[in-house]
Each structure stands twice: as C-alpha cells, then as structure tokens.
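Single-letter residue listing:
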Amino acid sequence: MEGYAFLLDLALILLSTKLFGLLTKKFQMPQVVGALVAGLLLGPAMLGLIKETEFITDCAEIGVVVLMFCAGMETDVNELKRTGKASFIIALMGVIVPLVGGFGVAWIFNRPSLIPTEEGLCSTFLQNVFVGVILTATSVSITVETLRELGKLKTASGNAILGAAIIDDILGIVALTIITSLADTSVNVFVVLLKILGFFVFAGVAGFAYYKFYKYMCKRDVVGKHRHAIISFVFCLLMSYIAETVFGVADITGAFIAGLVISCTHRSSYLASKFDVISYLFLSPIFFASIGLKVELPKMNAAIIGFALCLTLIAVLTKIIGCGLGAKICKYKNSQCVKIGVGMISRGEVALIVASKGAAVGLLGTSFLGPVVIVVVITTIITPILLKIVYKEKYGETVFNENALSNSYDEVNQMREESDEAHKLAK
C-alpha cells in the first residue's frame, strides 16, 4: 500500500492549501500565504505528516514552470521592453546591496567565540561572502502568484518586478559561479558566462521561429483550436529543459520566455485561461506547499538565533532599499519604488537551492543552515502580506486605468478570436 501513499499526500496538500487559503483570504491576506502555511504545518518543521518525495518535488517543479509560463503569457511585452533598462538597474542594485548586507552580518557573527566552526570549510572571508550571495536570491514565483491574485501583474511596477527578477536570477547565477569557482577550481566562470549569453541568443532564435510557426499554423488551421494549448505547453517544456540542462539557466527563465513569445499571439488570453485552470486546481498548491515541506529547523543556540534574526531583518531591508533605490534612479514614483522593493523580498526555494550548492563545496557550515531556513520562511510568508498592503489604492499607482487597459486587452483578444471563428464558419 505504500506505493499509493502519494495519493493521500496529494489529497492532504490540496485540501489543506485551499482551506488555509480561504482562511487567509478571510483575514484580507493573499491566499498564497495560506498555501505556504499549510506546507509548513504538514511538513517536518511541525506535524511531520508529509515528507518531500520525488513525486512531490517533480510536480512542484512543473508547477513553478507553469506559473512562470502563465506570467509570461500575461505580460505586456511592449511595457517589458520599455522597462528593460530599468529592470537591469533594479536587479543590479537588488544584488549589490543584499550582498554587502549579508556579508556584513556574517562578518559580525561568524567568529569561533559566537558560532562554532567546522573542519573542511573554506576561509571565513569566502563563507561571509557566500552568505551575502544567498541574500541576492529572489523567488519571483511567490510575487507572481500574489500579483495575479491582486490583479496587478500588468501594472508598471509589476512588469518591472518581473523583468528585474529574471535578470536577478542571471546575476545570482554569476555571483554563485564566481564564489564557487574560488572554492572549487573545477568551475570555470568564463564558460558559465558564455553559456548564459548563448541561452539568450538561442531563446531569441527559437522564440522567433516558434512565433512564425504558430502564426502559420493558425493561418492554415493545421490543428484544431483546442490543440494549441498542447503545442504551446510542449514549447514551454522544451524551453525550460534546454535552459536548465544545456545552458545552466533556471528552467523558470525558459518558461517565462516561452510565455512571452505566446503573449505576442492573438490567442494568448485563450491559452492563459487553459493553463490557469490546471495551475489553480493541481500544480500551484503542490509547489507552494513543497516550499514548506523543505523546511527543517535544526537546533540552534542563542548566538545562532541572534544571527538568524539579524540576517532576516537585513534580507528584508536590503531588497527594499536596493531595488527601491534602483527604481528611484530610473525615475519611478516613490510608491512604485516601495512596491518593486517589496516584490523582490521573497527568497523562497531559490535561497535553499543556493545554500545547498554552497554547502556541497564547503562554503556554508551546518550551523548556518538554520538561519538560512528562517530567512526563507519569514521572507516567503511576509512578501504576499506586504504586497497586499503596498498595493492598496491609497498608495497611488493608477489601479483603475491599468485594470481598465488589462480588461480592454482581454476583450479585444476575445473579440478577435470570435471574429476568426465566425470568418471560418462563413467560409
């Protein structure tokens, strides 16, 4: 019977995430907070009813891929192009400031008199730098789901957050590669940078080719309308796979770019509606719950707890200050700067992955894993709550106009689809 335990795990995850989602909604908080809390409650950190299995891990990975694919389909490409330079500056500041802040906190606490040292670790300086590298991470999936729930994904600040988070991911890979290459001579920084550049060249060519193919397919009506979702999902999965395995770029980056390509077609709204159903029904709850299932809190002394609290505070402030300052340099309004900074706070599963890679090469001792987990838990839970607060109308981003434009865009797409169908019937 153990072979069917995954069915019970799925039932518990889906039921608990929806119940806690409704509970948090009742308290005027985004439902994603409830899903995260459900994962923590069911996981080893609290009740221990569910452990992270390979099946749950794989489903969660598909979930985040679909989530970012949907985000790409719902993104205004013209607005993203307009904010491209700003997104790079925001991402750059969102990496530099947390890197410095994390290094500073580690420099204060990483002493034998406070936190016990372990054999086989790299130099204290490299360990301190790596703590800063962990804080540069951003888990955009939490922010994307919250903005979609609030209806703010297509706002100017929403597009800036999306663009900055994707660039932040690339800069984070570069920072991680540099620090691990100093600890592990088998890693070549220049090869990694060349592969990242190669990915974006490949993405541009593949995206253009797929766009032309899809346009031809629609014009000639090669396949039925309902099969377009399957073809689009295949493209998403291929882009995700190639990004991760061939170029070493996060699979969600490939999924997001695939979504951007689909967003340029006239059936993007129809396709997005198809994926929204499966994401809400099955994949997203598993992904958000899986973050909580990853959390295991080791035993910590007073010094490590103090380090964890300071690191969490710095993790929150440095993203708000760094990304907010970058947005200010790019002439965003003060309210938008706050929104962008808050949207980049969540570290989520990304920080855990970075920490595990550093621990494998001796850049992070076991004593530091507890504080990193606390940073992940707190930043992941408070980000949706803070986004709910800063996106209230009194904070002043043109909510009505942007929502009106978003609705008009969807209506135009729907009318265009109906017109195409009517034209075919007339023929």
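Cut-offs used in this document
Residues numbered from 1 in each chain as written. Predicted model: local features only at pLDDT ≥ 70, side-chain atom pairs only at ≥ 80, totals over all residues. Heavy atoms only, no water. Helix = DSSP H or I, 4+ residues; strand = E, 2+ residues; numbered from the N terminus. Buried < 20%, exposed > 50% of the residue type's maximum accessible area, 1.4 Å probe, protein only. Contact = heavy atoms within 4.5 Å. Areas by Shrake-Rupley, 256 points an atom, 1.4 Å probe, with all protein chains shown as cover. Salt bridge = Lys/Arg side-chain N within 4 Å of Asp/Glu carboxyl O. Expected span 1.5 Å × (residues − 1). Axes fitted to C-alpha atoms, helices over the stretch in contact; angles between N-to-C directions. Parallel < 35°, antiparallel > 145°, perpendicular 65-115°, else oblique. Left-handed = near helix turned anticlockwise from the far one by under 90°. Nonpolar A, V, L, I, M, F, W, Y, C, P; charged D, E, K, R; others polar. Patch = residues over 30% accessible without salt bridge, like charges linked within 9 Å, V, L, I, M, F, W, Y side chains within 5 Å. Lys, Arg positive; Asp, Glu negative; His and termini not counted. Charge placed at Lys NZ, Arg CZ, Asp CG, Glu CD. Core = buried A, V, L, I, M, F, W, Y, C linked by side-chain atoms within 4.5 Å. Phe/Tyr/Trp six-rings, centres within 6.5 Å; stacked < 30°, edge-to-face > 60°. Lys NZ or Arg CZ within 6 Å of the ring centre and 35° of its normal. Disulfide = S-S within 2.5 Å.

Asker: A description of the overall build of the chain should follow, citing residues and the corresponding values.
Answerer: A count of helices and strands for the chain gives 17 helices and zero strands. Counting every position in the chain, which comprises 427 residues, the buried fraction comes to 53%. When contacts within the chain are restricted to residue pairs at least 6 apart in sequence, long-range pairs at least 24 apart make up 82% of them. With the model as given, the accessible surface of the chain reaches about 19800 Å², and the carbon-plus-sulfur share is 68%.

Asker: Account for the pattern of salt bridges, with residues named and values stated.
Answerer: Under the defined criterion, the tally for this structure stands at two salt bridges. Linking aspartate 276 and arginine 148 is a salt bridge whose minimum nitrogen-to-oxygen distance equals 2.1 Å. Here arginine 148 lies in helix H7 (residues 140-150) and aspartate 276 lies in helix H12 (residues 268-293), a separation of 128 residues in the sequence. The shortest N-O distance in the salt bridge between aspartate 168 and lysine 319 comes to 3.0 Å. Remark: lysine 319 occurs in helix H13 (residues 302-329) and aspartate 168 occurs in helix H8 (residues 156-183); sequence separation between them is 151 residues.

Asker: Tell me about helix H2 (residues 31-42), residues and numbers included.
Answerer: Taking 1.5 Å per residue, twelve residues should reach 16 Å; H2 reaches 17 Å between its end C-alpha atoms and fits that length. For H2, the tally of buried residues reaches nine of twelve residues, placing the bulk of the element in the interior. Taken as a whole, H2 has its buried residues at Val32, Val33, Gly34, Ala35, Leu36, Ala38, Gly39, Leu40 and Leu42. On its buried side, H2 packs onto helix H1 (5-26), H7, H12 and helix H16 (366-390).

Asker: Any details on the packing of H13 against helix H14 (residues 334-343)? Residues and values, ideally.
Answerer: Close contact between H13 and H14 brings their axes to 7 Å; oriented N to C, the two are set at 140°. Taken together, the axes of H13 and H14 lie oblique to each other. The crossing of H13 and H14 is right-handed. Where H13 abuts H14, its residues Lys319, Ile320, Cys323, Gly324, Ala327 and Lys328 lie against Asn334, Cys337, Ile340, Gly341 and Val342. Looking at the contact of H13 with H14, its residues break down into six nonpolar, three polar and two charged.

Asker: Any chance you could break down the packing of H1 against H12 for me, citing the residues and the numbers?
Answerer: It is at 9 Å that the axes of H1 and H12 come closest, and there the two elements cross at 90°. Here H1 is positioned roughly perpendicular relative to H12, judged by the angle of their axes. Where H1 abuts H12, its residues Leu10, Ile13, Leu14, Thr17 and Lys18 lie against Tyr280, Leu281, Phe282, Pro285, Ile286, Ala289 and Leu293. Grouping the constituent residues of the contact of H1 with H12 by class yields ten nonpolar, one polar and one charged.

Asker: How would you sum up a positive patch on the surface? Please name residues and give values.
Answerer: Together, Lys212, Lys215, Lys219 and Arg220 line one region of the surface with positive charge. Position of arginine 220 among the secondary structure elements: in helix H9 (residues 189-220). By relative accessible area, arginine 220 is classed as exposed at 54%.

Asker: Before we move on, can you summarise the nonpolar core with the specific residues and values?
Answerer: Residues Met68 and Phe130 are the most contacted members of the largest nonpolar core, which totals 125 residues. For this core, the element with the highest residue contribution is H8, accounting for 13 residues. When residues no more than four places from it in sequence are discounted, the contact partners of phenylalanine 130 are Leu176, Ile179, Val354, Ala355, Gly358, Leu363 and Leu364.

Asker: Describe the packing of aromatic side chains, and please don't skip the residues or the numbers.
Answerer: Counted according to the given criterion, the structure contains 13 aromatic pairs. The interplanar angle of 85° and the centroid separation of 5.3 Å between the aromatic rings of phenylalanine 307 and phenylalanine 368 together place this pair among those described as edge-to-face. Separated by 61 residues along the polypeptide, phenylalanine 307 in helix H13 and phenylalanine 368 in helix H16 bring together distant segments of the chain. Across the pair, exposure class does not vary: phenylalanine 307 and phenylalanine 368 are buried alike. Counting every residue linked through ring pairs, the aromatic cluster contains Phe199, Phe200, Phe202 and Phe247. The residue whose ring lies beneath lysine 18 is tyrosine 280, and the NZ or CZ to ring-centre distance is 3.6 Å.

Asker: Just give me the short version of the state of the cysteines, but keep the residues and values in it.
Answerer: On inspection of all chains with the given rule, the structure shows zero disulfides. Sulfur of cysteine 330: no disulfide; nearest cysteine sulfur belongs to cysteine 337 and is 8.7 Å away.

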